[in-house]
Amino acid sequence: MLAATVMAGGAALATAPAAGATTSTATAATQCPFEVTKKTPRYKGSTGSKADGYFSKGAIVYVTSGSLTNGRLQVSPYWVDKDHVKGTGGACRG
């Protein structure tokens, strides 16, 4: 069961498991396609300013569901600012 969907610009950014839901590290995380809306750094973590290059405007990245932390979303192995991406409406995988 899923709950607590985070919305930005009308697109769901991340969905956290409902209270009491069981999770497993053996199960692959769901990843959904997002479009980069402006050139954005590829951060090495959910905090700090250390980046390893950039994602270009228009790039399609796959955001890990439930990864919203400190205003960033995980695009394994990187993190991006949530305000620099928008959902494409495409099918999620995983």
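Located above this text is the structure these notes cover.
The rules behind each value
Residues numbered from 1 in each chain as written. Predicted model: local features only at pLDDT ≥ 70, side-chain atom pairs only at ≥ 80, totals over all residues. Heavy atoms only, no water. Helix = DSSP H or I, 4+ residues; strand = E, 2+ residues; numbered from the N terminus. Buried < 20%, exposed > 50% of the residue type's maximum accessible area, 1.4 Å probe, protein only. Contact = heavy atoms within 4.5 Å. Areas by Shrake-Rupley, 256 points an atom, 1.4 Å probe, with all protein chains shown as cover. Pairing = 2+ DSSP bridges. Axes fitted to C-alpha atoms, helices over the stretch in contact; angles between N-to-C directions.

> Honestly, the overall build of the protein in this entry has me stumped. Any pointers?
Check the secondary structure of the protein and you find 0 helices and 9 strands. Looking at the protein residue by residue over its 94 residues, the buried ones come to 30%. Across the protein, the fraction of contacts at a sequence separation of at least 24, relative to all contacts at a separation of at least 6, is 52%. Here the protein has roughly 5,700 Å² of accessible surface; of this, 50% comes from carbon and sulfur atoms.

> Looking at this model, I keep getting lost on the side chain of Thr 64. Mind explaining?
Inspection of the secondary structure puts Thr 64 in strand E6 (residues 60-64). Excluding residues within four positions of it along the chain, Thr 64 makes contact with Ala 29, Thr 30, Gln 31 and Gln 74.

> In this structure, what is going on with the pairing of strand E7 (residues 72-75)? I would like to understand it.
Regular strands show a simple pattern: their side chains alternate between the two faces of the sheet. Both E7 and strand E8 (residues 78-81) contribute to a ladder of 4 bridges, which runs antiparallel. Bridge pairing in E8 links Arg 72 to Asp 81.

> Would you mind going over the sheet that holds E6 with me for this structure?
Strand pairing in a sheet relies on backbone hydrogen bonds, with the paired strands running either antiparallel or parallel. The sheet built from 3 strands is open, its strands ordered E6-E3-E9 with antiparallel pairing. The open sheet has two free edges, formed respectively by E6 and strand E9 (85-87), since each of these has just one partner strand. Adjacent strand axes in the sheet meet at a mean angle of 45° when their direction is disregarded.

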